[in-house]
Amino acid sequence: MKTLSLLCLMFFFPSTCDSKFTFPLKIYTGNFNSSVDIDFSSLEKNESSSTNELSLATDPSGKVNFLQMVNNLQGDSGRGYYIEMLLGTPSQTMNILVDTGSSNFAVAGAPDPYITHFFNSKLSSSYHSSGMEVSVRYTQGNWVGKLGTDIVAIPKGPNGTITINVATILQSENFFLPRVNWQGILGLAYKTLARPDSSVEPFFDSLVRQTGIPDMFSLQMCGAGLSASSTSDPLGGGLVMGGIEPTLYKGSIWYTPIKEEWYYQVEVLKLEVGGQNLNLDCQEYNTDKAIVDSGTTLLRLPHNVFNAVVDAIIATSLIQQFSSGFWTGTTLACWTKGETQWSIFPKISIYLRGMNASQSFRITIMPQLYIQLVADVDNSLECYRFGIASSTSGLVIGATVMEGFYVTFDRAQKKVGFAVSTCAEKSGSPLSEIGGPFLASDVSSNCAKTPAIQEPVLWIISYALMGLCAFILIILVILLLVPCRHGDDAGGGVTDESSLIHHRFK
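Residues numbered from 1 in each chain as written. Predicted model: local features only at pLDDT ≥ 70, side-chain atom pairs only at ≥ 80, totals over all residues. Heavy atoms only, no water.

Trainee: Sorry, what's going on with the side chain of R411 here?
Mentor: Structurally, R411 can be placed in the loop between β30 (405-410) and β31 (415-421). Engagement of the side chain of R411 in a polar contact is seen with the side chain of D205, the distance being 3.0 Å. (Helix = DSSP H or I, 4+ residues; strand = E, 2+ residues; numbered from the N terminus. Polar contact = N/O pair within 3.5 Å; in protein donor to acceptor, adjacent residues only side chain to side chain.)

Trainee: Would you take a moment to explain the packing of aromatic side chains for this structure?
Mentor: Two aromatic rings are characterised by how far apart their centres lie and by the angle between their planes. With the rule as written, the count across this model stands at 24 aromatic pairs. Ring centres of W335 and F345 lie 6.3 Å apart, and the angle between their planes is 85 degrees; this geometry places the pair in the edge-to-face category. One end of the pair, W335, is in strand β23 (residues 331-336); the other, F345, is in the loop between β23 and β24 (348-353), with ten residues separating them in the sequence. F345 matches W335 in its accessibility class, with the two residues each being buried. If you follow K270 out to its NZ or CZ, it ends over the ring of Y351, 4.5 Å from the centre. (Phe/Tyr/Trp six-rings, centres within 6.5 Å; stacked < 30°, edge-to-face > 60°. Buried < 20%, exposed > 50% of the residue type's maximum accessible area, 1.4 Å probe, protein only. Lys NZ or Arg CZ within 6 Å of the ring centre and 35° of its normal.)

Trainee: Could you clarify how one ought to interpret a nonpolar patch on the surface in this entry?
Mentor: On the surface, L465, L468, F471, I472, L473, I475, L476 and L479 cluster together to form a nonpolar patch covering roughly 750 Å² of accessible area. As for its position among the elements, L465 is in helix α7 (residues 455-481). (Patch = residues over 30% accessible without salt bridge, like charges linked within 9 Å, V, L, I, M, F, W, Y side chains within 5 Å. Areas by Shrake-Rupley, 256 points an atom, 1.4 Å probe, with all protein chains shown as cover. Salt bridge = Lys/Arg side-chain N within 4 Å of Asp/Glu carboxyl O.)

Trainee: It is not clear to me how the pattern of salt bridges should be interpreted in this structure. Could you clarify?
Mentor: When their charged atoms lie close together, side chains carrying opposite charge are able to pair. All told, the structure shown has eleven salt bridges when counted by the stated rule. As a salt-bridge pair, R353 and E267 come within 3.2 Å of each other at their nearest N and O atoms. Of this pair, R353 sits in strand β24 while E267 sits in the loop between β18 (264-265) and β19 (268-273), placing them 86 residues apart in sequence. One exposure class covers both R353 and E267, and it is buried. It is possible to trace a salt-bridge network through shared partners that takes in D205, D215 and R411.

Trainee: Just to check I follow, could you spell out the confidence of the model for the protein chain for this structure?
Mentor: Predicted coordinates in areas of low pLDDT are best not read in detail. Per-residue confidence for the protein chain gives a mean pLDDT of 81; residues scoring 70 or more make up 75%. A low-confidence stretch, residues 47-61 stays under pLDDT 50, and its non-local contacts, those more than four residues away or across chains, total 34 contacts. Predicted confidence for residues 227-233 stays below pLDDT 50, and this span has ten contacts to residues more than four positions away or in other chains. (pLDDT = per-residue confidence, 0-100. Contact = heavy atoms within 4.5 Å.)

Here it is, written out as structure tokens:
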């Protein structure tokens, strides 16, 4: 991390009582990267018990050992969670970022300043190139590469090898970042998001088809409340492929339906800050979508929702004059070690639609999840960033929230589940909660807006419009070039020259 200058400020804040509170708050000015939203039975609350068939889902072919997958992830929210994979013949070991917000499996196929090694497809006898170029753009970063196929094995995953589509990344921008320890990305979303089109079968679809494991996976991300940059040993978690591992969560799993199978789109009914409803129209939470995305570091909120949350946090907490740069991500807040005032910040709750439209449940995160430790400075200060950001592309339940929960992606039943994670605690105190069921009668029957037109459809529309424009241009050019006769000027013609500007569309 670049050397950053510290501006230490002391704030005194009056409480609602006669006494005053003094907080040793400092502001760290600088930039930092963030990586690369009734019949209660139908709410689908699953108790953690040996009689829970779903919780103990197994693969009849014997290819799945859930306990083997419990600690197969390393990393943290700031730099991403990754899993070790063996790619090619002979196998080349690669660390692959786990991303539920995209659908391509891609690995570095050329050197990059920020990675230690790359996949050399020329050394793999099982690699076959399709000769097709592919490019993918994310919220942060993008890459361009070549499509092909190869075999892959996961040391701490289902047994055996499978043949998968793989893109070798040849050029990238802001995709590989400083201090990351992964060399590729594993897109776990639906084929609709696959590039260049949905004919490219995503990794998990190939895994299910070739091994016969259940069409579901679950995630535990264990970086909650820990510093990413100051931890020498990588943090961890588990990607359980084919089912649910009961030892990774406490209490019950609460399910919300997948509204649209592209991203893992869900429906958010409302948000609360410190137990107070933001009183926004529920469609504002779902414009233009609300998704669960492990590849996004922060909790990202539509602009109006973000502003309402910040205002509510300021109003609810005892810090009335907190630097505006902290909320926008340009400054860090630093406290003397051991003096971080967690009690001044409120908890944040997200209400999700239950499996029955008349019901809901809430997932709640404590401030230790959204006020995130970034670095220790001079062994005397602890500096934090705000783990929530404004979004122009919908509400994204990213790692800020997911680190508090064991999240299940039941693709077969079209639902996403949340349970309190066993690793979401600090000093014995839980960092997350789940409550419910609640009536959803105070909101409309459907808060989610019609999903935005997906990119393959946009391409078709774009090409159709381009064709129409080209046809009109040809007619105009012909009209310009055909001699125009006006009485005695029969020999006259159009003399001005025209040129067409050609635009390259990706």
